[in-house]
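Summary of the model geometry
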Amino acid sequence: MPRVIGHIDFDYFYAQVEEVEKPSLKARPVIVCVFSGRTEDSGVVSTANYKARAFGVHSGMPIVQAKKKLEGQNPEVIRMDHEKYEIISGRIMDDLGRMVDALEPTGIDEAFFDVTDSTGGDFDRARRSAESIKEVVMKNEHLTCSIGIGRSKVVAKLGSDMAKPGGLMVVSPDATESFLAPLDASRLYGVGPKTTSSLEEMGIRTVRELAKADPSELERRFGRKFGAYLVAAASGSDADPVVAGLEPTQFSRIVTLRRDTRDAKEVSEQLSEGMQYIHGKLSQSGKSFKTITVIGILTDLSTKTRSKTFETAVSDLSLIRGTVPTLFDELSRTIGREFKRAGVRVSGLENIEDQTSLSEFLRPAR
Ligand code: DCP
Ligand code: CA
Ligand code: CA
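Digging into the overall build of the protein
- Along its length, the protein carries 16 helices and 13 strands.
- Its C-alpha atoms give the protein principal-axis dimensions of about 70 × 65 × 45 Å.
- By residue count, 46% of the 366 residues in the protein fall in the buried class.
- Taking as baseline every contact in the protein between residues at least 6 positions apart, the subset at least 24 positions apart corresponds to 65%.
- Element-wise, carbon and sulfur atoms account for 49% of the exposed surface of the protein, whose accessible area totals about 18,300 Å².
- Treating the 51 positive side-chain charges of the protein as one cloud and the 53 negative ones as another, the clouds have centres 3 Å apart.

Take a look at the structure:
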């Protein structure tokens, strides 16, 4: 049975999150920026929506240059809010985790997944799974994403790249070879500028040429491991498995409230099960946490948070239950609207085991 591997990538992620929060931005160029603080405009563009990209703006471009390109276009310049994007990313990853056999996040806005078992190796069923994933991301977060499906990570990743923005590309096992052959080898996952120029020295530009190259020559040039990877990648048969995110960095739960409200007690009550879930996750994984955050998504879909950090890591359910209403109470005083959805997150995770061994270590020898 062929493997069925997917890659999902959220479209113009930071900028799209900002559009969701403020839909009027959709009609305008948006740049999300990291300000370095030296002068008013020093810093770089973190990402831009497609309206801004049409004028040649891209990630990593100095803000000054981007503004020049967008002169007269009424662009919206937004300060990057990493915390906010992390929260939304975490929520999507939680949703995805429930829909696939294994999920391996590889960045804030992308993940590999495996649906071999749940589709029985059937690529038509895989297409339908990918469509429902896209629907769930749209329904819960109002975001578009791009998905590629193939028989290996390399093929899946290429598929999502080509499907951008908003598309779905399914490359069945039969179609893999002809899909890969004409592409530039530099498009293969893991093939950077250095490898590309070495390949060019060997007269290799396309994947077709790479697939025909002498494997021992590749291994001699690039080392055994990477050489063998290149051979496999060129035929879309790289064997790297999808490894479920090994070390969690946070646990969170978000619910849609039964009605819009600003009442901290009402909100906290509806998160009661969520807190129990988080506590269960902590016990299961043997973790304690240092920071607890309450998350409020307001009726205008903006996300507001309030956190408390403890000096030492804790894990009691009663502590979670005690802290959440207080934080929501504080948060509700600062907002001008009601909560539509609400959540709790614990982060700064530590292994309870490490703490024990540390205290054992510190215990005087007998
Ligand atoms: N990012 C960044 N600086 C970069 C590149 C990216 O801060 N030089 C951030 C902002 C992006 C996010 O990482 O929103 C994801 O990066 P992607 O390369 O996936 O780019 P986008 O999601 O912005 O766009 P695309 O629609 O092309 O995926
Ligand atoms: Ca993206
Ligand atoms: Ca990405």
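Moving on from the coordinates now.
Re helix α14 (residues 272-285)
- With 14 residues, α14 should reach 20 Å at 1.5 Å per residue; the first-to-last C-alpha distance of 20 Å fits that figure.
- Residues of α14 that are buried: G274, M275, I278 and L282. For α14, the angular spread of buried residues about the axis comes to 100 degrees, placing them on one side. Those residues of α14 that are exposed and angled more than 90 degrees off the buried face are E273 and Q284.

Describing the environment of G203
- As for its placement among the helices and strands, G203 is situated in the loop between α9 (193-201) and α10 (207-212).
- Residue classification places G203 among the exposed residues on the basis of a relative accessible area of 53%.

Details of the packing of α14 against helix α15 (residues 317-333)
- Remark: α14 packs on α15, axes separated minimally by 10 Å, with the N-to-C direction vectors making an angle of 140 degrees. Regarding α14 and α15, the two cross each other, and that crossing is right-handed. Residue-level inspection shows S272, M275, Q276, H279 and L282 of α14 in contact with α15, the latter providing L317, I320, R321 and V324.
- Looking at the contact of α14 with α15, its residues break down into 5 nonpolar, 3 polar and 1 charged.

Some words on the coordination of the calcium ion (ligand 2)
- The coordination sphere of the calcium ion (ligand 2) contains the protein donors D9 (OD), F10 (O) and D109 (OD), at a distance range of 2.1 to 2.3 Å.
- Classification of the site at the calcium ion (ligand 2) as octahedral follows from its 6 donor atoms and the range of 77 to 178 degrees in their angles at the metal.
- Expressed as a motif, the donor residue spacing for the calcium ion (ligand 2) is D-F-x98-D.
- Between the two metal centres, the calcium ion (ligand 2) and the calcium ion (ligand 3), the spacing is 3.6 Å, with D9 acting as a shared donor. Here D109 lies in the loop between β5 (102-107) and β6 (110-114) and F10 lies in strand β1 (residues 5-10), a separation of 99 residues in the sequence.
- Looking at D109, the relative accessible area reads 15%, which means it is buried.

Digging into the coordination of the calcium ion (ligand 3)
- Listed as protein donors to the calcium ion (ligand 3) are D9 (OD), D109 (OD), D109 (OD) and E110 (OE); their distances from the metal cover 2.2 to 3.1 Å.
- For the calcium ion (ligand 3), the donor residues sit on a single chain with the sequence spacing D-x99-D-E.

Re the pattern of salt bridges
- Counted by the stated rule, this structure contains 24 salt bridges.
- Here E21 and K84 are joined by a salt bridge, their closest N and O atoms 3.2 Å apart. On the criterion of sequence distance, the pair formed by E21 in helix α1 (residues 13-21) and K84 in helix α4 (residues 82-99) is long-range, its members being 63 residues apart.
- With a closest N to O distance of 3.0 Å, K67 and D41 form a salt bridge. Linking K67 in helix α3 (residues 63-69) with D41 in the loop between β2 (30-35) and β3 (43-48), this pair joins segments that are 26 residues apart in sequence.
- For K67, a relative accessible area of 29% puts it in the partly exposed group.
- In this structure D41 comes out as partly exposed when scored by relative accessible area, which is 22%.

What about the site of ligand 1?
- Inspection of the region around ligand 1 gives 13 residues, with Y12, S46, T47, R53 and K164 positioned closest.
- Y12 is positioned such that a nitrogen or oxygen atom in its backbone is 2.7 Å from an oxygen atom of ligand 1.
- Contacts to ligand 1 include Y50, whose side-chain N or O atom sits 3.2 Å from an oxygen atom.
- The protein chains hide 70% of the 550 Å² of surface that ligand 1 would expose on its own.
- Mapped by element, the contributors of at least two residues to the shell around ligand 1 are β1, α1, β3 and α2 (50-53).
- In terms of residue class, the shell around ligand 1 is built from 5 nonpolar, 3 polar and 5 charged.

Quick notes on the nonpolar core
- Ranked by internal contacts, the top residues of the largest apolar core, which has 33 residues, are I8, F113 and I149.
- Of all the elements in the fold, those that place two or more residues in this core are β1, α1, β2, α4, β6, α6 (123-141) and β7 (145-150).
- Setting aside its immediate chain neighbours within four residues, F113 contacts V4, I5, G6, H7, I8, V100, A102, L103, I133, I147, I149 and V242.
- With 26 residues, the next largest nonpolar core counts A264, V267, L298 and F339 among its residues.

Focus on helix α12 (residues 224-234)
- Where α12 is concerned, the buried positions are G227, L230, A232, A233 and A234.
- Remark: G236 follows α12 within two positions and exhibits a positive phi of approximately 65 degrees.

Quick notes on the packing of aromatic side chains
- Taken as a whole and judged by the stated rule, the model has 10 aromatic pairs.
- The interplanar angle of 15 degrees and the centroid separation of 5.8 Å between the aromatic rings of F226 and Y229 together place this pair among those described as stacked. With F226 and Y229 both in helix α12 and 3 residues apart, the pair spans about one turn of that helix.
- Classification of F226 as partly exposed rests on a relative accessible area of 24%.

Procedures and definitions
Residues numbered from 1 in each chain as written. Chains lettered and ligands numbered in written order. Predicted model: local features only at pLDDT ≥ 70, side-chain atom pairs only at ≥ 80, totals over all residues. Heavy atoms only, no water. Helix = DSSP H or I, 4+ residues; strand = E, 2+ residues; numbered from the N terminus. Buried < 20%, exposed > 50% of the residue type's maximum accessible area, 1.4 Å probe, protein only. Contact = heavy atoms within 4.5 Å. Areas by Shrake-Rupley, 256 points an atom, 1.4 Å probe, with all protein chains shown as cover. Lys, Arg positive; Asp, Glu negative; His and termini not counted. Charge placed at Lys NZ, Arg CZ, Asp CG, Glu CD. Expected span 1.5 Å × (residues − 1). Arc of directions from axis to C-beta. Axes fitted to C-alpha atoms, helices over the stretch in contact; angles between N-to-C directions. Left-handed = near helix turned anticlockwise from the far one by under 90°. Nonpolar A, V, L, I, M, F, W, Y, C, P; charged D, E, K, R; others polar. Donors = N, O, S within 2.8 Å, 3.2 Å for Na, K, Ca; no water. Tetrahedral: all angles 85-135°; square planar, octahedral: opposite > 155°, others 65-115°. Salt bridge = Lys/Arg side-chain N within 4 Å of Asp/Glu carboxyl O. Near = heavy atom within 4 Å. Polar contact = N/O pair within 3.5 Å; in protein donor to acceptor, adjacent residues only side chain to side chain. Core = buried A, V, L, I, M, F, W, Y, C linked by side-chain atoms within 4.5 Å. Phe/Tyr/Trp six-rings, centres within 6.5 Å; stacked < 30°, edge-to-face > 60°.

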